[in-house]
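Examination of the molecular architecture
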Amino acid sequence: MSTLRRTEIASLLKDANINEDVLVKGWVRAFRANRFIALNDGSAFDNVQVVVDFENFDEALLKQISFHSCISVKGKIVESQGSGQSIEIIAEEIEVLGGADSDAYPLQPKKQTLEYLREKAQFRMRTNTFSAVFRIRHAIAYAVNKFYHDHGFYYMHTPIITGSDAEGAGEMFHVTTFKPDTAPRDEDGAVDYKKDFFGKETNLTVSGQLQAEIGALSMGKVYTFGPTFRAENSNTSRHLAEFWMIEPEVAFNDINDNMDLAESFSKYLINYILDNYPSDLAFLEKRILDMEKQLPKEKRRAMPLIETLRFVVDNDFERITYTDAVNLVRSSKPFKKGKFEYDLDWGKDLQAEHERWLVEKKFKKPVIVVDYPKDIKAFYMRANEDGKTVAAMDVLFPGIGEVIGGSQREERHDLLLARMKEMDVSEEELSWYLDLRKFGGCPHAGFGMGFERMVLFITGMSNIRDVIPFPRTPGNAEF
RNA sequence: GCCUCUUUAGCUCAGCUGGUUAGAGCGCCGGACUGUUAAUCCGUAGGUCCUAGGUUCGAGUCCUAGAAGAGGCGCCA
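Residues numbered from 1 in each chain as written. Chains lettered and ligands numbered in written order. Predicted model: local features only at pLDDT ≥ 70, side-chain atom pairs only at ≥ 80, totals over all residues. Heavy atoms only, no water.

Moving on: the overall build of chain A. Broken down by element type, chain A carries 14 helices and 16 strands. Along the three orthogonal principal directions, the C-alpha set of chain A runs to about 85 × 60 × 40 Å. In chain A, which comprises 479 residues, the share counted as buried stands at 49%. The contacts in chain A between residues at least 6 apart in sequence include a share of 67% that link residues at least 24 apart. Total accessible area on chain A stands at roughly 24100 Å², and carbon and sulfur atoms take up 49% of it. Taking the average place of the 61 positive charges on the side chains of chain A and the average place of its 75 negative ones, the gap between the two points comes to 5 Å. (Helix = DSSP H or I, 4+ residues; strand = E, 2+ residues; numbered from the N terminus. Buried < 20%, exposed > 50% of the residue type's maximum accessible area, 1.4 Å probe, protein only. Contact = heavy atoms within 4.5 Å. Areas by Shrake-Rupley, 256 points an atom, 1.4 Å probe, with all protein chains shown as cover. Lys, Arg positive; Asp, Glu negative; His and termini not counted. Charge placed at Lys NZ, Arg CZ, Asp CG, Glu CD.)

Counting across every chain of the model gives 27 aromatic pairs. With a centroid separation of 4.7 Å and an interplanar angle of 45 degrees, the aromatic rings of Tyr148 and Phe265 are classed as tilted. Taken together, the residues span a long stretch of sequence, with Tyr148 in helix H4 (residues 128–150) and Phe265 in helix H6 (residues 255–276) at a distance of 117 residues. The buried category is assigned to Phe265, whose relative accessible area is 0%. A centroid spacing of 6.0 Å and a plane angle of 25 degrees characterise the contact between Phe178 and Tyr193, whose relative ring orientation is stacked. (Phe/Tyr/Trp six-rings, centres within 6.5 Å; stacked < 30°, edge-to-face > 60°.)

Turning our attention to the environment of Val51. Tracing the sequence through the fold places Val51 in strand S3 (residues 48–51). Linking Val51 and Glu8, residues 43 residues apart in sequence, is a C-alpha distance of 18 Å. Dropping the residues within four chain positions of it, Val51 is found in contact with Arg35, Phe36, Glu88, Ile89, Ile90 and Ala91.

A few words on the pairing of strand S4 (residues 70–79). Within S4, seven of the ten residues are buried, which leaves the element mostly enclosed by the surrounding structure. Judged from the seven bridges that link them, strand S1 (residues 21–32) and S4 form a sheet pairing that is antiparallel. From the neighbouring strand, Val24 faces S4, where its bridge partner is Val73. Summarising the sheet, S4 and strand S5 (residues 87–98) pair through ten bridges and their orientation is antiparallel. Among the inter-strand pairings, Glu79 is bridged to a residue of S5, identified as Ile87. (Pairing = 2+ DSSP bridges.)

Moving on, we get to the pairing of S1. Relative to strand S2 (residues 36–40), S1 runs antiparallel, the two sharing five bridges. The residue of S2 that forms the bridge with Arg32 is Phe36. The hairpin formed by S1 and S2 contains three residues between the paired strands, and Ala33 there has a positive phi angle of roughly 55 degrees.

The strand order S6-S10-S11-S16-S15-S14-S13-S12 describes an open sheet built from eight strands, whose pairing is mixed. Whereas interior strands pair on both sides, the edge strands pair on one side only; in this sheet they are strand S6 (154–155) and strand S12 (318–321). With six bridges connecting them, strand S13 (residues 367–373) and strand S14 (residues 389–397) associate as antiparallel partners. Among the inter-strand pairings, Val367 is bridged to a residue of S14, identified as Leu396.

Here the focus is the protein's contact with RNA strand B. Looking at RNA strand B, there are 52 residues lining it, with Arg35, Arg118, His239, Arg356 and Arg453 nearest. Here RNA strand B approaches the protein such that, of its atoms within 4 Å, sugar and phosphate make up 48%. In this structure, His239 approaches RNA strand B through a side-chain N or O atom, which is 2.8 Å from a base nitrogen. Between Leu240 and RNA strand B, the recorded distance is 2.8 Å, taken from a backbone N or O atom to a base nitrogen. At the level of elements, S1, helix H3 (114–119), strand S11 (242–251), helix H11 (352–363), strand S15 (401–408) and strand S16 (444–450) are the ones that each hand at least two residues to the surface near RNA strand B. For the surface near RNA strand B, the element with the most residues is S15, which contributes four residues. Looking at the surface near RNA strand B, its residues break down into twelve nonpolar, 23 polar and 17 charged. (Near = heavy atom within 4 Å. Polar contact = N/O pair within 3.5 Å; in protein donor to acceptor, adjacent residues only side chain to side chain. Nonpolar A, V, L, I, M, F, W, Y, C, P; charged D, E, K, R; others polar.)

This brings us to a positive patch on the surface. Among the surface-exposed residues, Arg238, Arg356, Lys361 and Lys364 lie close enough to one another that they form a single positively charged patch. Inspection of the secondary structure puts Lys364 in the loop between H11 and S13. (Patch = residues over 30% accessible without salt bridge, like charges linked within 9 Å, V, L, I, M, F, W, Y side chains within 5 Å. Salt bridge = Lys/Arg side-chain N within 4 Å of Asp/Glu carboxyl O.)

The subject of this paragraph is a nonpolar patch on the surface. Taken together, the side chains of Ile160, Ile161, Phe197 and Phe198 make up a nonpolar region of the molecular surface, amounting to roughly 400 Å² of accessible area. The class of Ile160 is partly exposed, set by a relative accessible area of 38%.

Moving on: the pattern of salt bridges. As enumerated under the stated definition, the model contains 25 salt bridges in all. Here Lys377 ties to Asp394 by a salt bridge, and the two come within 3.5 Å at their closest N and O atoms. Of the two residues, Lys377 sits in the loop between S13 and S14 while Asp394 sits in strand S14, which places them 17 residues apart along the sequence. Each member of the pair, Lys377 together with Asp394, is buried. Through salt bridges with shared partners, one network takes in Glu213, Glu249, Arg409 and Arg437.

Turning next to the domain arrangement of chain A. How big an interface is tends to be reported as the loss of accessible area on association of its parts. You can read the domains of chain A as domain 1 (9–105) and domain 2 (128–170 + 206–317 + 365–466). The centre of domain 1, based on its C-alpha atoms, is set 43 Å off from the matching centre of domain 2. Contact with domain 1, which involves five residues of that partner, is made by seven residues of domain 2. In total, about 480 Å² of surface goes out of reach between domain 1 and domain 2, with carbon and sulfur atoms giving 49% of it. The largest per-residue losses of area from domain 1 upon contact with domain 2 belong to Arg29, Gly42 and Phe45, which jointly make up 85% of the total buried on that side. There are zero salt bridges connecting domain 1 and domain 2. Linking domain 1 to domain 2 there are two residue pairs in polar contact (both at pLDDT 80 or more). In terms of residue class, the side of domain 1 that touches domain 2 is made up of two nonpolar, one polar and two charged. (Domains from an automatic or database assignment. Buried area = accessible area lost by both parts, 1.4 Å probe.)

So this is what it looks like as structure tokens:
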């Protein structure tokens, strides 16, 4: 081919010069009427249409232009005669870079289930749905960093391998270089971790929060954004064993500042995608609407995707205390009629069905619940004046539930120490954490946002395994 | 960890209360078609009905166990 430089399809569609010669490369999304190739290189949602005059090309070459084959096209930009696009490329030279034998290739130009595509993760990003999801996933990650950078936060990398198992956020994955059968033993027959790589027991992190507090109490405003691991045997469409979490931690913030941050941060992310990825969102919205046509009315979304996102950014999140939430649920119709599976008394955690009622039926928008009973929350959350509750908050989103969980941290050394003793948290292991209260401590607060749960909400997808390229769930670590 | 559902052609599914040659659409392959937008039209091929046992004259259909997938709950983000 010539010395012409490749043009990305995104920039070609943005400002095309009629009659200009261009070189494009990408994957064939469709080859219609032996004449029209829909070509996509991932740079944008939209395809460029390549028009082929079959008399000018070898039949054997055209045969290789099959679904998802990779080709290079040199041609001239013209105004399109068809109605689906404004410009198109009249092909002059075509080279097949990588064929995709239709007989053996597992994907087809038709609807295939997300479950099937999940098993073909090496190819699923070539589909409209997954390329839209993963473009948006990227953009949300970018917006996370942009939001915090623009607000004067420092991005802090907390460790992925931790020596502490006191974080209390769930079951951990053990990290060791020992093989199970040959691990050295001490005199009592227990595995001797003093001889292991780190000289002690280590695990994959379940949260960067405790380390982020170190950052907050020195640099003021920090956030972590990294992979997090939970060895919980959770079989749901909202849990992953390996997921990404965003954890801001801010000195001098109280629980109300924390709620303000959680709300403005959530809205920023949604707005960023609304502003910058309209084609992808429109496609995802249409996909959901088509799919829901087969469902009874009560099982469909209350609002189409984009309208839902707009509604969330245009309205204040509802803020209620745990105590008020319990009273609301208990005086609700479904509760009185015994429609809920679980009972609810003050002191018990709100069940998913109760949260769903609050968010989807009562308020119809994100709800922040604050001031939970201390006995159902972690040791580091700040005790309230009433002696019964702590300054903890959960942000609940429609259709997903908890997307953010956070708190004002207990900055009073004696109260924290007493709470650790009560909850049997190792004082020795967390002496550094207690030091933050002993020396130069101050009120501070932070939260954790489940990144994939935010991606779920913004894309309107329903299974968390479809918003991460390579999902890790119980019994599954393919790719 | 608990509960429920699903598994039939390459893909998406139908197959009623067990009954003899197992069905459709799409895809593939062959043919037609130079303005299509999941192109269309005609034709052909394609099945260890997830696996292993069992019940029965007879099992895709019933029973038991296992495997894989999905949904719900709990745990959480």
